[in-house]
Amino acid sequence: MTQRSGVAAPTDEAGDVGQAGDVGARQSLYLPEHVGFLIRRAQQVHLAVWAEEAGQGLSNVQFGVLNVLYRTGGASQRELCDALDLDRSTVAGLVSRLEARGLVERARAAADRRRNVVRLTEAGDAELRRLVPHAAQVDASLTAGLSAEERATLRRLLTRVLDTHGHHAPSDV
């Protein structure tokens, strides 16, 4: 075993640290090389940077709802589910909280009275405009240690991971 940061990592006969393909013989993984662990930690950092930069007012997911509504001019809750890759109950809760704060409103669609359309209110539009520079700063902060080429590669690789598992990154929201 080789020590890394106080954590034992499995090695082969040559002393090389074991790779993901040879997990059958191991009892544990070296977490700093485990993609799922790194993605979870990156999400934790993202949430912390969001809270620091954008404040506690709206979550990054609520910001996503406002952003989609601005770009689409209004959307059904089902369309929000698809655009944000969230389940119906999550979107329903998000819309309810945003509506309670006066940032969005629901109205029956003119073409299909069974369908609700969610739209930004003036207050929602103002809140979105306030948050856009903060969201851009969050992105810049998260990728500050990367070159422009590395940032593009990171986005491309994360999109490929999503696509591989049927969770396509939206291209138009």
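Everything discussed here concerns the structure shown above.
What comes next is a walk through the structure.

Calculation notes
- Each chain carries its own residue numbering, running from 1 in the written order of its sequence.
- Local features in this predicted model are restricted to residues whose pLDDT is 70 or higher, and side-chain atom pairs enter the listing and the counts only when it is 80 or higher, whereas totals over whole chains, interfaces and linings include all residues.
- Heavy atoms throughout the structure, all of them, feed into the side-chain values; hydrogens and water do not.
- Here a helix means four or more residues in a row that DSSP labels H or I, a strand means two or more in a row labelled E, and each is numbered from the N terminus.
- Residue exposure (1.4 Å probe, protein chains only): buried if accessible area is under 20% of the type maximum, exposed if over 50%, otherwise partly exposed.
- The contact definition used throughout considers only heavy atoms, calling two residues in contact when any of these lie within 4.5 Å.
- The Shrake-Rupley method, run with a 1.4 Å probe, gives the accessible areas here. Residue values count only the displayed protein chains as cover.
- As used here, the term nonpolar core means buried Ala, Val, Leu, Ile, Met, Phe, Trp, Tyr and Cys residues forming a set that is joined through side-chain atoms within 4.5 Å.
- One less than the residue count of a helix, multiplied by 1.5 Å, gives the span that helix is expected to have.
- Should a side-chain nitrogen of Lys or Arg be within 4 Å of a carboxyl oxygen of Asp or Glu, the pair is scored as a salt bridge.
- Pairing of aromatic rings covers Phe, Tyr and Trp, the last counted by its six-membered ring, and requires centre-to-centre distances within 6.5 Å; plane angles under 30 degrees mean stacked, over 60 mean edge-to-face, and any other angle means tilted.

**Observations concerning the overall build of the protein**
The helix and strand inventory of the protein stands at six helices and four strands. From first element to last, N terminus to C terminus, the protein shows the α and β order β-β-α-α-α-α-β-β-α-α. Relative to its 173 residues, the protein shows a buried fraction of 25%. Pairs at least 24 apart in sequence give 43% of the contacts found in the protein among residues at least 6 apart. Taken as a whole, the protein presents about 11300 Å² of accessible surface, with 53% of it coming from carbon and sulfur.

**Description of the nonpolar core**
Core analysis: the largest hydrophobic core is formed by 25 residues, its most contacted members being W50, L66, L69, L80, L98 and V104. If you list the elements that add at least two residues to this core, you get α1 (35–54), α2 (60–72), α3 (77–84), α4 (88–100), β4 (116–120) and α5 (122–142). Sorting elements by how many residues they give to this core places α2 first, with five residues. Among residues more than four places away in sequence, those in contact with L98 are L58, Q62, V65, L66, L103 and V104.

**Topic: unusual backbone geometry**
Positive phi values are uncommon outside glycine, yet D85 reaches one of about 55 degrees. Note on D85: relative accessible area 44%, which makes it partly exposed.

**Side note on helix α6 (residues 148–164)**
Residues separated by three or four positions in an α-helix point in the same direction, a consequence of the helix having 3.6 residues per turn. Its 17 residues place the ends of α6 24 Å apart at the C-alpha level, agreeing with the 24 Å of an ideal helix rising 1.5 Å per residue. Phi for G166, located one or two positions after α6, is positive at around 75 degrees.

**A few points about the pattern of salt bridges**
In total, this model carries six salt bridges according to the counting rule given. Here R106 makes a salt bridge to E99, at a shortest N to O gap of 2.8 Å. In this structure R106 comes out as partly exposed when scored by relative accessible area, which is 29%. Salt-bridge contacts for E127 lead to R130; the nearest nitrogen and oxygen are separated by 2.9 Å. Linking E127 with R130, this pair stays in helix α5, spanning three residues, or about one helical turn. Among the residues examined, E127 registers a relative accessible area of 15% and is labelled buried.

**Here we look at the packing of aromatic side chains**
Per the stated rule, a full pass over the model turns up one aromatic pair. Taken together, a centroid distance of 5.5 Å and an interplanar angle of 50 degrees make the contact between W50 and F63 tilted. In this pair, W50 sits in helix α1 while F63 sits in helix α2, placing the two residues 13 residues apart along the sequence.

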